[in-house]
Each structure stands twice: as C-alpha cells, then as structure tokens.
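# An overview of the molecular structure
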Amino acid sequence: MYESAKKIYPREIGGRFDKLSKLATIALLGLFYFLPWLLWDERQAILFDLPARKFYLLGLTLWPQDFPYLALLLIIAALSLFFFTALAGRLWCGFACPQTVWTEAFIWMEQLTEGTRSQRMKLDKAPWSLAKFRKKASKQFLWITFSMWTGFTFIGYFTPVRELGADILALNIGGWTLFWGLFYGFATYGNAGYMREQVCKYMCPYARFQSAMFDKDTLIISYDEKRGEPRGGRKRSVDHKAAGLGDCIDCQLCVQVCPTGIDIREGLQYECIACAACIDACDSIMDKMNYPRGLVRYTTEHSLQSKTTHVVRPRMLVYATLLLILVGGLVTAMASRTPVILDVIRDRNSLYRELPDDLVENIYTLKIINQSNDARSFTLSVSGLEGLLLDGIDGEVHVDGGGVLSLPVRIRARRDDASGVNEILFGIEATDDASVVMEEDSRFIGPTP
Ligand code: SF4
Ligand code: SF4
C-alpha cells in the first residue's frame with residue numbers, strides 16, 4: 001500500500017547551470033525577503049492590507065473594485081506559464097519555483113553543517129555521538145531560524161512589517177498573525193527540509209498537467225541515446241568507438257546529482273524538474289574524457305530524431321496572441337482607470353419631502369473614494385432636472401489620499417419640474433485635474449401629478 005520514500009542525497013556539482021540556478025535563488029529569495037522593507041512615498045511599497053481591503057503595489061493602490069485587474073493579472077501569469085512551458089519546458093520548475101528555490105537554500109545549509117554527499121550519508125548511518133548531535137543541531141538551528149524569518153516575512157506582506165517587528169519584540173502579537181507566521185514557517189521547514197522532491201512528485205498539480213503543453217518541439221533536457229549507447233566503463237586512453245562503446249561511461253554522476261533521484265538516461269520522466277544539474281555533471285565527465293560536451297543537453301525530441309525544430313508553431317501563436325490581447329487590455333484598462341469612485345445611495349426612509357415655496361427634497365449619501373495616494377478636493381454637481389439645487393455642500397469637498405468620504409446631501413427641485421420618478425446624474429471633478437471625473441446616476445422622486 002505504501003512504500004516510505006528513500007532519502008535522496010543530491011551530490012553537489014559546479015557548472016554553468018549550477019551558477020545560473022544559484023543566481024536565480026539569490027535573486028528570488030533576495031526579492032522575497034527585501035520587498036516588504038521597501039518604502040514608496042513613506043508607505044510600505046508592497047502591502048496586501050486585507051482588513052482595509054486595499055492592496056498597495058508600489059505607487060498603485062488597488063481597491064476591491066479593482067478586483068478585475070487582479071484577476072486579469074493572474075490569467076496573464078497562468079498563460080505566460082503555458083507559453084514558456086510550451087517553448088522551453090519546465091524552466092519554471094528548475095529555476096524559479098519557490099519549492100526549488102527554498103530547497104536549494106536548505107540543501108546549502110545542510111552542506112554547510114553536515115558536509116558533502118558522502119559525509120552526509122555516512123553521518124546518517126553513524127550511531128549518535130556528540131559530533132553527530134552537534135552537526136544535526138546546527139542544521140536544525142539554521143533551518144528553524146530561516147523558516148521563522150520566512151514566516152515573519154510572509155506575514156509582512158499582509159501587515160506593515162515594521163510594526164509587526166516592533167509587536168513581536170514587545171511580545172504583543174495577535175493570535176491569527178502568530179498562527180499564519182508559524183504555519184508558513186512550518187510549511188517552509190517541512191517542504192524544503194524534508195518533503196523536497198516529494199512535493200514535486202506527489203503534491204504539485206503543475207507537474208501532472210505540464211506534459212499536456214509539451215510537444216516534440218519543446219525544449220527538454222535529454223540524454224542522447226544514439227551517442228551514449230552502448231554505455232560502459234573504459235579507460236580514458238581506450239578508443240571507445242573501436243571497442244564498440246558509446247560516449248556514456250556509466251559513471252552514474254548524472255543520477256547522483258539529481259535532486260529527484262531519477263536517471264535521465266531512461267528518457268523523459270514527469271519527475272524531472274529540469275534543474276539541469278545532470279547537464280553540468282555529464283559535461284564535467286565529457287571534459288575529463290576529452291569527449292564533446294552535450295551527451296545530456298537541452299534539446300527537443302525533433303532534434304534528437306535529426307528533424308527540424310520549429311519554434312514558431314500553431315500553439316505558440318495561439319498562446320502569444322492571447323497573451324498580447326490580455327496584456328494590451330490590462331495596460332489600456334490601467335491607463336484609463338479613474339482614481340476616484342463615486343457611489344450614490346438614496347435615502348430609503350422617505351420617498352420625498354415637501355418644503356415651503358413649492359419645493360420638493362430628496363436625501364442621498366454620496367460615498368467618494370479617493371484611490372490616489374494624494375489628498376484631493378472635488379467639486380460636486382447634479383443634473384437631469386430643471387433648477388436642481390444641491391444643499392448641504394459648501395463649495396469643495398476634501399478627501400484624504402486613499403480615503404473614503406461619506407457625505408449626506410439634500411437635493412431640491414421645484415414641485416412642477418419634479419413630479420414622478422426622474423433620472424438624475426451626480427458628478428464629481430477633481431479641482432487639480434479636470435480629467436479626474438466620475439459620474440453616477442440616481443433617481444429623484446417627486447409627488448405624483
Ligand atoms: S533528470 Fe536532470 S534535469 Fe531532471 S531533475 Fe534530475 S538532474 Fe534535474
Ligand atoms: S554523467 Fe554522463 S557519462 Fe556519466 S552516467 Fe550520466 S550520462 Fe553517462
């Protein structure tokens with residue numbers, strides 16, 4: 001029913017792709033830990049303020065009304081993943097996925113405290129001793145500290161990080177904040193410290209469906225069977241071609257460096273996260289043997305079959321066109337977004353009020369949301385009926401940056417002009433920018449004629 005997973009001890013290997021992977025890890029983790037501390041106009045640059053229902057993204061403030069933009073952004077991200085997977089295979093898995101990036105960092109701490117692959121294997125087999133305890137405890141200390149910092153940073157995207165730090169130091173932290181910080185820290189510790197390749201193999205849905213985006217022109221990491229087989233050990237001085245051997249010396253180095261423990265020589269497997277460690281490993285062997293590099297390499301199935309690889313193909317065109325349309329739509333929508341929202345709520349308690357001098361009055365509450373980060377003044381107007389009078393407003397109204405103003409207003413009209421139900425239009429205009437205008441319709445009710 002269940003076979004417990006065998007622990008994998010990936011061997012460390014240098015090379016072109018190892019450098020690239022380390023660079024990606026440093027850049028992505030650096031961004032994750034640094035971004036919450038970045039300030040923009042004296043406010044946290046990236047903050048998903050859920051209680052206030054506002055998302056701050058650099059200079060932009062998104063409100064619940066802007067949810068369609070976020071939805072569009074997520075669709076674009078998903079479609080980009082499809083596009084790049086069809087083009088270049090599992091680039092995301094190998095170099096940018098959080099699981100890969102954090103696992104890389106945890107393995108680095110493991111190597112720092114427990115040594116190389118063979119030292120780690122020996123240590124795990126050895127009975128408990130003071131030296132073993134010291135190494136294991138050092139590793140746990142690094143892992144737990146790093147995980148807790150990760151949990152703290154994660155919460156820092158949802159709660160102002162400086163205040164959060166001060167609250168933690170003062171031991172004044174809310175229950176939910178503590179829960180989510182510990183939860184995220186624990187998930188990092190478990191996933192990157194222990195689960196590792198099992199997350200990719202058994203938990204990640206992308207690993208399961210990404211093959212649907214592959215075709216014979218997709219870039220994959222593959223072993224060149226024609227060149228490598230028949231595999232076998234030999235001395236460097238031996239003319240292996242004359243001896244009937246291929247270029248693979250069956251050293252197993254490509255298997256030992258694989259973080260998911262597979263043998264690339266058995267063909268394309270869904271467990272392969274395309275980290276390219278086996279390319280570095282095999283290239284180093286090819287260099288030692290004085291054979292050309294590339295026995296394991298980035299290639300395509302068509303190329304392996306000595307056929308032409310097509311970069312431009314129907315599915316790429318479909319993905320690219322959809323991406324262009326969506327990105328164009330998002331940019332246009334964002335550029336034409338008015339940074340103010342006007343909501344008009346008619347008083348439900350009374351239909352209308354009759355006043356002396358043949359006047360009729362309706363009451364409304366105007367809700368003005370200033371979505372920009374700067375305070376603004378607005379002039380109000382109302383139209384749609386002859387002689388409409390806006391009462392209760394004295395000139396301009398002032399709304400703080402990112403603020404919401406609730407404003408009760410009374411509208412009057414002459415009884416003869418306002419009988420029955422009438423459509424009227426409220427308008428606001430920023431005093432500092434005539435293009436910042438918003439209109440909202442409502443109804444003015446007068447006595448039945
Ligand atoms: S087979 Fe190669 S590219 Fe795939 S996961 Fe293993 S080492 Fe990485
Ligand atoms: S590293 Fe290269 S030579 Fe060694 S077993 Fe793997 S494919 Fe063969």
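Neighbouring residues of ligand 1: Ile-221, Cys-258, Pro-259, Thr-260, Ile-262, Ile-264, Cys-272, Ile-273, Ala-274, Cys-275, Ala-276 and Cys-278. Its residues assigned to classes, the shell around ligand 1 shows eleven nonpolar, one polar and no charged.

Running from N to C, helix H1 (residues 16-34) and helix H4 (residues 98-114) point in directions that differ by 105 degrees, and their axes come no closer than 10 Å. The orientation of H1 with respect to H4, classified from their angle, is roughly perpendicular. Here Ser-21, Lys-22, Thr-25, Leu-28, Leu-29, Phe-32 and Tyr-33 of H1 come into contact with H4, specifically with Val-101, Trp-102, Glu-104 and Ala-105. Along the lines of polarity and charge, the residues of the contact of H1 with H4 split into seven nonpolar, two polar and two charged.

Tracing the backbone through its elements, the reader meets Arg-53 in the loop between strand E3 (46-49) and strand E4 (54-57). Note on Arg-53: relative accessible area 57%, which makes it exposed. Along the chain, Arg-53 and Arg-348 lie 295 residues apart, while their C-alpha atoms are 27 Å from each other. With residues up to four places along the chain from it excluded, the contact list for Arg-53 reads Leu-62, Trp-63 and Pro-64.

Moving on, we get to the sheet that holds strand E15 (residues 421-430). The four strands are arranged E13-E11-E15-E16 in an open sheet whose pairing can be described as antiparallel. Looking at which strands have only one partner, the edges of the open sheet turn out to be strand E13 (397-399) and strand E16 (437-445). The sheet shows a mean angle of 30 degrees between the axes of neighbouring strands, taken without regard to direction. In the sheet, strand E11 (residues 376-383) pairs with E15 via six bridges, with the strands oriented antiparallel. Bridge pairing in E15 links Ser-381 to Gly-427.

Turning our attention to the pairing of strand E6 (residues 220-223). Regular strands place side chains that alternate from one sheet face to the opposite one. The side-chain alternation of E6 yields two buried faces, one formed by Ile-220 and Ser-222 and the other by Ile-221 and Tyr-223. Note that E6 and strand E7 (residues 296-299) share four bridges and pair antiparallel. Within E7, the position partnered with Ile-221 by the bridge is Tyr-298.

Take the packing of H4 against helix H5 (residues 117-125) next. Between H4 and H5, whose axes approach to 9 Å, the crossing angle comes to 70 degrees. One element, H4, and the other, H5, form an angle in the roughly perpendicular class. Contact residues: H4 offers Glu-110, Gln-111 and Glu-114, while H5 offers Gln-119, Arg-120 and Leu-123. In the contact of H4 with H5, the residues fall into one nonpolar, two polar and three charged.

The next point concerns the packing of aromatic side chains. Under the defined criterion, the tally for this structure stands at 26 aromatic pairs. Judged by centre distance (5.7 Å) and plane angle (80 degrees), the rings of Tyr-206 and Phe-209 are edge-to-face. Separated by three residues within a single helix, Tyr-206 and Phe-209 lie in helix H10 (residues 205-209), roughly one turn from each other. Clustering of aromatic rings is evident, with ring pairs tying together Phe-32, Tyr-33, Trp-102, Phe-106, Trp-143, Phe-146, Tyr-157, Tyr-189 and Tyr-194. In this structure, Lys-132 packs its charged tip against the face of Trp-128, placed 4.8 Å from the ring centre.

On to the confidence of the model for the protein chain, then. Looking at the protein chain as a whole, its pLDDT mean stands at 91, while 99% of the residues score no less than 70. Looking across the protein chain, the model is least confident in H10, with a mean pLDDT of 82, and most confident in helix H6 (residues 130-155), with 97.

For the structure on display, the rule yields 26 salt bridges. Among the salt bridges present, the one from Arg-337 reaches Asp-66, with a minimum N-O distance of 2.8 Å. With Arg-337 in the loop between helix H15 (314-335) and strand E8 (340-346) and Asp-66 in the loop between strand E5 (60-62) and helix H2 (67-88), this pair connects stretches of sequence that are 271 residues apart. With a relative accessible area of 15%, Arg-337 lands in the buried category. For Asp-66, a relative accessible area of 4% puts it in the buried group. A salt bridge links Arg-265 to Asp-263, with the shortest nitrogen-to-oxygen separation between them at 3.0 Å.

Cut-offs applied
Residues numbered from 1 in each chain as written. Chains lettered and ligands numbered in written order. Predicted model: local features only at pLDDT ≥ 70, side-chain atom pairs only at ≥ 80, totals over all residues. Heavy atoms only, no water. Near = heavy atom within 4 Å. Nonpolar A, V, L, I, M, F, W, Y, C, P; charged D, E, K, R; others polar. Axes fitted to C-alpha atoms, helices over the stretch in contact; angles between N-to-C directions. Helix = DSSP H or I, 4+ residues; strand = E, 2+ residues; numbered from the N terminus. Parallel < 35°, antiparallel > 145°, perpendicular 65-115°, else oblique. Contact = heavy atoms within 4.5 Å. Buried < 20%, exposed > 50% of the residue type's maximum accessible area, 1.4 Å probe, protein only. Pairing = 2+ DSSP bridges. Phe/Tyr/Trp six-rings, centres within 6.5 Å; stacked < 30°, edge-to-face > 60°. Lys NZ or Arg CZ within 6 Å of the ring centre and 35° of its normal. pLDDT = per-residue confidence, 0-100. Salt bridge = Lys/Arg side-chain N within 4 Å of Asp/Glu carboxyl O.

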